[in-house]
Amino acid sequence: MLDYLTDEVLAPLTPAQRELLRTISICDELPSGLAPVLSGRADAEAMLRELGEPATRVVDSGGTPPHHSVTPLVRTYLRAELQRRAPVRARTLHSAAARWFAGHDRPAPALLHSVRAGDPARVGELLREHAVTLFLAGEHHVLRLALAVFEDRRMPADPLAALISAALCLETAETSAAGLQLAKAEAVWPDRPAAELIVLRQLALSRLAQLDRTPAQVRRAAEEVDERLAADTRLGGLAILHRAKVLLARTEAREALVPLLGTAEESRQDFTVALCLTTLAELAGQDGDYRVMETLARRAETRRPRGDCLRSLQGAKANALLAYGALLRGEPAECLEHAKGIRHLVGDAPARAARDLRLLSETLHGAAEFELGGWHAGLRRMRRARNRLGQARARVCPTGYAALCAVLEQRAALRLGAAAQARETVRWALPVLVGSGELLLMRARTQLRLGRHHAASTVLRSLADEEVPMELGWAAIEASLVGVQAALAAGARERAARLLDDALRTAETTGVRFPFVFAPAELVGFLTSRLGGLGTGERFAGEILAARRRLRTPAMPAPLTERERSVLRLLPTQRSIDEIAQDLTVSPNTVKTHVRGIYSKLDVRSRREAVAIAQERGLLDAEVADFTV
């Protein structure tokens, strides 16, 4: 590669051209007017335009505002060469670039080049003047580099730098590191702090509470944010956001955040914009407006802090909403990709908010995996995620998260015949969801699975008649479809038709396909039989059936009975049929019957194949050993 760059790309250029490229390689993007300052050549702009012509094409020019940039491979090579051969000159060029950017009101590149110039005094000066603006603009990567200079040079503690550092730590869920920075700020707190400094500390404490404290502490910390004091500072919008998302009801919060979003966009406060969009997306999801939720989450993802480190709570939340939306649209593969992104952005941060997002990530991942045919693997993943969070932590988990995780896991467990896991899930969710409609939905599902269709219908009627509130907007669709199944089991096809029509109308309005696309075969058969008589729901029903054909997910296997599982677990031991019969205290003919049932349900023809398939699907794992029908 080095030979190619030297002999093929740079050799045809004149010495003056090569020197110009080496000089400007310190900048990723070079605004129009900076090249003459760095190179000392009045014809630098003309030379750059020439280097951008097809014959050479080592410089890209254009954009708004106009700028130049050396192609990345060439720029990286020339920058490394400059740093290796002339480090003093490289620092001098960075200093010149920093002065130019500062003079043109570009604080982010000015700070970045001051860091690269190794000028701690200039770094400190720019931080004191622009740190808050850069934080709100989403220039978090540059701020982290600049604050690292303070640590490396052991410069005197500064309350503003410490608070900005704490705020950056909180956005990656590093609550312990944030606590240390807050303590540093307290140790050097001035006798007469500026209003902006006071508000910044209030916001940091409020964010810390949101990430790792109880709901009561979160509320108290939000109440401490002085919105009036913040109004005359650059932090006014962030103060409104902190208070609105904690202290206001959904409608009032939305009314406060929509104008704030417009103001933040006009001010180019990308970080504030991203937080507003994510919060508004969450509110839309709570209202069951899933199309708007996804639209806002996509916009939030594009406003994530530029060049930031791997972890980002805001980015993880946006990905969680996108994964959730994809699953509800009946797109499990897309859901899977976003769910992996959540895990990547949260990492192993110990903060409560990070744990909650990991639970959501793994549950959505497991649900998508389940619907793509990885039934046992998906169910195990959901169970592991729930067990990692534990019962005690579940009590402080956001109610919406707990409802979603419980409804998805119980649904999958019952469909696969994992009654024990279904019971575990309901017990886990009970303290969090007491009084919610989701508990009644899960109870109706259980009754239906046990063959008690009248009991299931009774539970669902109480859910509708008493207007029990539901955390999940789409859970009402799921409840209607459970009602359809119960009505079909009772032979009440007219009632089943009414419930199906209601579910289709609601689903079409919200764009929710998930309960239909992955519905049991008997429900899909009933839907198909109703084609031509669905009225306005005809088109949506066609979309659902088309999605099922496109996904081509394998048919759900018939669940093994408890006795079949007992026999299956003994097959890898190479015991004979007679020996297995002795172990289970049954007759050899009974064991043979169970083995035939196992072969049929696993679609195999030999003991070896049965063991291989059982291992692949996790049927021999200790985690699934207590699955019963």
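Summarised in this report is the structure supplied together with it. (Residues numbered from 1 in each chain as written. Predicted model: local features only at pLDDT ≥ 70, side-chain atom pairs only at ≥ 80, totals over all residues. Heavy atoms only, no water.)

Looking at the overall build of the chain
Working step 1: Looking only at helices and strands, the chain has 35 helices and three strands in total.
Working step 2: Principal-axis analysis of the C-alpha atoms gives the chain an extent of 95 × 65 × 55 Å.
Working step 3: Looking at the 629 residues of the chain, the share that counts as buried comes to 53%.
Working step 4: Total accessible area computed for the chain in this model is approximately 28400 Å², and 52% of it derives from carbon and sulfur atoms.
Working step 5: Within the chain, one finds 86 positive and 76 negative side-chain charges whose respective centroids are separated by 5 Å. (Helix = DSSP H or I, 4+ residues; strand = E, 2+ residues; numbered from the N terminus. Buried < 20%, exposed > 50% of the residue type's maximum accessible area, 1.4 Å probe, protein only. Areas by Shrake-Rupley, 256 points an atom, 1.4 Å probe, with all protein chains shown as cover. Lys, Arg positive; Asp, Glu negative; His and termini not counted. Charge placed at Lys NZ, Arg CZ, Asp CG, Glu CD.)

Let's talk about helix α7 (residues 107-116)
Working step 1: Counting buried residues in α7 gives nine out of 10 residues, a clear majority hidden from the surface.
Working step 2: Those residues of α7 that fall on the buried side of the exposure criterion are Pro107, Ala108, Pro109, Ala110, Leu111, Leu112, His113, Ser114 and Val115.
Working step 3: Positive phi shows up at glycine 118, right after α7, with a value of about 70°.

A closer look at helix α33 (residues 577-584)
Since the α-helix packs 3.6 residues into each turn, any two residues three or four apart lie on the same face.
Working step 1: Taken residue by residue, α33 has Ile580, Ala581 and Leu584 as its buried positions. Considered in projection along α33, the buried side chains sweep an arc of 100° and stay on one side of the axis.
Working step 2: Two residues or fewer after α33 comes threonine 585, characterised by a positive phi angle close to 55°. (Arc of directions from axis to C-beta.)

What to know about the nonpolar core
Working step 1: Counting residues in each nonpolar core, the largest one holds 194 residues, and the members touching the most others are Leu21, Ile164, Leu364 and Trp474.
Working step 2: Those residues within four positions of isoleucine 164 in sequence are excluded, and the remaining contacts are Ala131, Val132, Phe135, Leu143, Leu147 and Leu200.
Working step 3: Formed by 17 residues, the second largest nonpolar core is a distinct cluster that contains Leu568, Val604, Ala610 and Ala614. (Core = buried A, V, L, I, M, F, W, Y, C linked by side-chain atoms within 4.5 Å. Contact = heavy atoms within 4.5 Å.)

Topic: the pairing of strand β2 (residues 59-62)
Working step 1: Sheet topology places β2 next to strand β3 (residues 67-70); four bridges connect them, and they run antiparallel. Looking across to β3, one finds that valine 59 is bridged to valine 70.
Working step 2: Hairpin remark: β2 followed by β3, antiparallel, with four residues in the connecting loop; positive phi at glycine 63, about 85°. (Pairing = 2+ DSSP bridges.)

A look at the packing of helix α27 (residues 475-489) against helix α30 (residues 521-529)
Working step 1: Viewed as axis vectors pointing N to C, α27 and α30 meet at an angle of 90°, and their least axial separation amounts to 10 Å. In this view, α27 runs roughly perpendicular relative to α30, as classed from their interaxial angle. Contact residues: α27 offers Leu481, Val484, Gln485 and Leu488, while α30 offers Glu522, Leu523 and Phe526.
Working step 2: For the contact of α27 with α30, the residue count by class is five nonpolar, one polar and one charged. (Axes fitted to C-alpha atoms, helices over the stretch in contact; angles between N-to-C directions. Parallel < 35°, antiparallel > 145°, perpendicular 65-115°, else oblique. Nonpolar A, V, L, I, M, F, W, Y, C, P; charged D, E, K, R; others polar.)

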